[in-house]
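Below, each chain spelled out in residue letters.
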Amino acid sequence: MKLSTLSSTAILISLASTPAFSQAKPSTNIPHLERHGTATQLIVDGKPFLVLGAELNNSSASSMEYLRPLWSKIAATNLNTVLATVSWELMEPEEGRFDFSLVDGLIQDARRYNQRLIMLWFGSWKNGKSTYQPVWVKTNQQRFPIIQDEKGKGLATLTTLSNANRDADAHAFAALMKHIRELDGDAHTVIMMQVENEVGALGPSRDHSPVANQAFAGPVPKEFMDYLQKHKDTLIPELRKRWEAAGFKTSGSWEEVFGAGVETDEIFMAWNYARYVGYVAAAGKAEYPLPMFVNTWLRQGKFKPNEDMPGGYPSGGPLPQVMDAWRAGAPAIDILSPDVHVPNYQEWCAWYTQSGNPLFIPESRGDAKGVAWAFATAGKYDGIGYSPFGIDRLASPDSELGKGYQVLSQVGPLILERQGLGKVTAVLVDADAPRSKVRLGDYMIEARFARRSQDPNAPIAAPVDQVAGLFIQLGPDDYVIVGRSMSVYFETATDATESVGLATVEEGQYVDGRWVPGRRLNGDETPEWKALWFPGDRYTIQKIKLYRYR
Ligand code: DGJ
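Residues numbered from 1 in each chain as written. Predicted model: local features only at pLDDT ≥ 70, side-chain atom pairs only at ≥ 80, totals over all residues. Heavy atoms only, no water.

Asker: Would you mind showing me how to read the sheet that holds strand β2 (residues 39–44) here?
Answerer: The three strands are arranged β1-β2-β3 in an open sheet whose pairing can be described as antiparallel. Strand pairing shows two members of the sheet lacking a second neighbour, β1 (32–36) and β3 (47–49), which therefore form its edges. For this sheet, the mean inter-axis angle between neighbouring strands, taken without regard to orientation, is 55°. Across three bridges, the pairing between β2 and β3 is antiparallel. (Pairing = 2+ DSSP bridges. Helix = DSSP H or I, 4+ residues; strand = E, 2+ residues; numbered from the N terminus. Axes fitted to C-alpha atoms, helices over the stretch in contact; angles between N-to-C directions.)

Now the structure itself:
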């Protein structure tokens, strides 16, 4: 693709200006985010909501016929939320003519199967490229300019540095949000919006089009400088270090303020993507202010060395090292989300919960390990929810996902009541890190990964790689523990002279929020008469009371 000569009218660089959208009258009880202790929760119909989601393949929501046989399988997989694409090209096939039939079909069918929806706005960008913009945008590079690489070659990626690009996208997204409000403003089938998909420049570490070169040589915008100064002590360490190394300047060009290098290119790109995406989100929120998030193609590190540098992964996406540029540039974006397709899940969760960012995982895996990650997201990281990618393939009640979500949906309300209050936590254990101990209340709780059952009655199970232990505190000595392929041990956290015993152990289920006990466990089912045993074939729930003796 070749960049056409840019006319001066095509590019109006005023991206620093604040969008002047009229605020639509907020409906009383629309889905929103709310603080709960130290956590941020998604509130739907007045109650905290844990997203047990999964994402459809990219093209699935372009045909309601294609989706029809999938819906019942999705519902049987115990999901409560489907993440589905809304594609700009299908929604605005001709400029100004909107076709919402797919959006309407999605909402109707989701309701029929008791599912909520998170809509993914595939607008200007999808995975660092521009392929979902309508043909009238794609084929008019004069009006809708694209990124250029170092040699001046045009890439199939709209540039952030064009008001024409931004305004066309914002206009369409606002129309979508207005339509959702009109259709769904009372029922709240749609609970959140993802704005764009895995943005950032792939290939060069920054846009080298003439207008981008000019912006890069120009001053760091005052809004960003002000943000850096105001948040100097709480900036993400990587960004702060670059600013510090260049002398904590309060003005100057991008290279003067952050030094030369691809890291600075990435900061520049992040600011410009944030301004653009934040503008689009604000235009949508002015019509209907649902919570909005962006998702991130992560740096792959040692897992894929060729995707370890900006440009190898999309440069300018909301990665941890440039989170502050996103926070400063896109205040309308509520959540910066990682798409975790790499093994070091806990590291990414820790990075994405910095500076109070709520954790929502829009894409990840849906196997046994994915289920363990879903438990950890909700229990350890106070997360809003989890969603593996590719429900088309994963949907089945007997799948790991279906079985895992069934148990997670039982204990979801208990988790939500305790998030942010220090009364719920989780650990992940596997063959490499088989033991993990945490304090909850006045007890230390240790999960020990064990592939072989100590319970003579436990079904023989295929080994799983990694499992979660979920610990929920009900009272000073009362806990609900959820686990699989593990034993769980207790110690006092307050008085080392005391030993801890199991007063009572029940296995059971929560049915409509009420505990329904099954077996009373003791003897061989409680190893060493002091620990819990969780069989390997699925997650099970035990409700216990502890006591102390000396
Ligand atoms: C990441 C993208 O965001 C998704 O849309 C999808 O293409 C997956 N990769 C495929 O694994």
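Asker: Is there a simple way to think about the environment of Leu 176 in this case?
Answerer: Tracing the backbone through its elements, the reader meets Leu 176 in helix α5 (residues 163–184). Assessed through its relative accessible area of 0%, Leu 176 is described here as buried. Between the C-alpha atoms of Leu 176 and Trp 533, which are 357 residues apart in sequence, the distance is 50 Å. Setting aside residues up to four positions removed in sequence, Leu 176 forms contacts with Val 86, Met 91, Phe 100, Val 103, Trp 121 and Met 193. (Buried < 20%, exposed > 50% of the residue type's maximum accessible area, 1.4 Å probe, protein only. Contact = heavy atoms within 4.5 Å.)

Asker: Please clarify how the sheet that holds strand β10 (residues 292–297) should be interpreted in this entry.
Answerer: Strand pairs in the sheet, formed through backbone hydrogen bonds, run parallel or antiparallel to each other. Across the sheet, which stays open at both edges, the eight strands sit in the order β11-β10-β9-β6-β5-β4-β13-β12 with parallel pairing between neighbours. The sheet is open, and its two edges are formed by β11 (335–339) and β12 (360–361), each paired on a single side. Each of β5 (81–87), β6 (116–126) and β9 (190–197) is contacted by helix α3 (residues 101–112), which is oriented at about 155° to β6, the strand it contacts most.

Asker: Help me out: how do you make sense of the packing of aromatic side chains in this one?
Answerer: For any pair of aromatic rings, the description rests on two quantities: the centre-to-centre distance and the angle between the ring planes. Within this structure, the stated rule accounts for 25 aromatic pairs. When the ring of Trp 348 is compared with that of Trp 351, the centres are 4.7 Å apart and the planes differ by 80°; the resulting orientation is edge-to-face. Within this pair, Trp 348 and its partner Trp 351 are both found in helix α12 (residues 345–351), separated by three residues, close to a single helical turn. With a relative accessible area of 31%, Trp 351 lands in the partly exposed category. Three or more aromatic residues link up through ring pairs in this structure, and these residues are Phe 216, Phe 224, Trp 254, Phe 258, Phe 268 and Trp 271. For Arg 166, the ring lying beneath its charged end belongs to Tyr 279, and the centroid distance is 3.7 Å. The ring of Phe 216 carries Arg 206 above its face, with NZ or CZ at 4.1 Å from the centroid. (Phe/Tyr/Trp six-rings, centres within 6.5 Å; stacked < 30°, edge-to-face > 60°. Lys NZ or Arg CZ within 6 Å of the ring centre and 35° of its normal.)

Asker: When you look at the site of the ligand in this model, what are you seeing that I'm missing?
Answerer: All residues in the neighbourhood of the ligand are listed as Asn 58, Lys 126, Asn 127, Asn 197, Glu 198, Asp 339, Glu 363 and Phe 389. Lys 126 has a polar side-chain atom sitting 3.0 Å from an oxygen atom of the ligand. Within the contact set of the ligand, an oxygen atom lies 3.3 Å away from a side-chain nitrogen or oxygen of Glu 198. Isolated, the ligand exposes 290 Å² of accessible area, and the fraction of that covered by the protein chains is 73%. For the shell around the ligand, the per-class residue count stands at one nonpolar, three polar and four charged. (Near = heavy atom within 4 Å. Polar contact = N/O pair within 3.5 Å; in protein donor to acceptor, adjacent residues only side chain to side chain. Areas by Shrake-Rupley, 256 points an atom, 1.4 Å probe, with all protein chains shown as cover. Nonpolar A, V, L, I, M, F, W, Y, C, P; charged D, E, K, R; others polar.)

Asker: Explain the pairing of strand β15 (residues 435–440) here, please?
Answerer: The two faces of a sheet get side chains in turn, since along a regular strand they alternate between them. With burial as the criterion, only one face of β15 is covered, namely that bearing Ser 436, Val 438 and Leu 440; the residues Arg 435, Lys 437 and Arg 439 on the opposite face remain uncovered. The sheet contact formed by β15 and strand β16 (residues 443–449) spans six bridges and is antiparallel. Residue pairing in the sheet places Ser 436 in a bridge with Ala 447 of β16. Taking the residues between adjacent antiparallel strands as the criterion, β15 and β16 are bridged by two residues, where Gly 441 takes a positive phi near 65°.

Asker: When you look at helix α15 (residues 400–418) in this model, what are you seeing that I'm missing?
Answerer: In this model α15 runs 26 Å from its N-terminal to its C-terminal C-alpha over 19 residues, within 8% of the 27 Å that 1.5 Å per residue would give. Approximately 50° is the largest bend angle found in α15, and it occurs at Val 411, with the proline Pro 413 only one to four residues beyond. Phi turns positive, to about 80°, at Gly 420, one or two residues after α15. (Expected span 1.5 Å × (residues − 1). Bend = angle between axes of the 7 residues up to and from the residue.)

Asker: Could you clarify how one ought to interpret the environment of Leu 202 in this entry?
Answerer: Inspection of the secondary structure assignment puts Leu 202 in the loop between β9 and α6 (210–217). Considered as a pair, Leu 202 and Asn 163 are 39 residues apart in the sequence and their alpha carbons are 21 Å apart. Excluding anything up to four places from it in sequence, Leu 202 contacts Asn 127, Gly 128, Lys 129, Leu 155, Trp 297, Gly 311, Gly 312, Tyr 313 and Pro 314.

Asker: How should I be thinking about the pairing of strand β8 (residues 154–158) in this particular structure?
Answerer: The element β8 is extensively covered by neighbouring structure, given that four of its five residues are classed as buried. Bridging between strand β7 (residues 146–148) and β8 involves two bridges; their strand directions are antiparallel. Residue pairing across strands places Gln 148 opposite Gly 154, the latter belonging to β8. From the end of β7 to the start of β8, which pair antiparallel, there are five residues, and Gly 152 there has a positive phi angle of about 85°.

Asker: What's the story with the confidence of the model for the chain in this structure? I'm lost.
Answerer: It should be kept in mind that the predicted coordinates are not to be read in detail where pLDDT is low. On average, the chain scores 93 in pLDDT, and the residues at 70 or more come to 93%. Low confidence marks residues 1–26, where pLDDT is under 50. Its contacts with residues over four positions away, or in another chain, come to 54 contacts. (pLDDT = per-residue confidence, 0-100.)

Asker: How do you make sense of the packing of α5 against helix α10 (residues 262–287) when you look at a structure like this?
Answerer: Interhelical geometry of α5 versus α10 gives an angle of 30° and a closest axis separation of 7 Å. In terms of orientation, α5 lies roughly parallel with respect to α10. The element α5 and its partner α10 pack so that their crossing is right-handed. Contacts from Asn 165, Arg 166, Asp 167, Asp 169, Ala 170, Phe 173, Ala 174, Met 177, Lys 178 and Arg 181 in α5 reach Tyr 276, Tyr 279, Val 280, Ala 281, Ala 283, Gly 284 and Glu 287 in α10. In terms of residue class, the contact of α5 with α10 is built from nine nonpolar, two polar and six charged. (Parallel < 35°, antiparallel > 145°, perpendicular 65-115°, else oblique. Left-handed = near helix turned anticlockwise from the far one by under 90°.)

Asker: Even after reading the chapter, I still don't get the side chain of Asp 382, so can you show me in this structure?
Answerer: Within the element layout of this structure, Asp 382 appears in the loop between α13 (368–379) and β13 (385–386). Although buried, Asp 382 forms no salt bridge, and the nearest oppositely charged side chain, Arg 35, lies 8.2 Å from it. The residues contacting Asp 382, other than those within four sequence positions of it, are Thr 38, Ala 39, Thr 40, Thr 377, Gln 419 and Gly 420. (Lys, Arg positive; Asp, Glu negative; His and termini not counted. Salt bridge = Lys/Arg side-chain N within 4 Å of Asp/Glu carboxyl O.)

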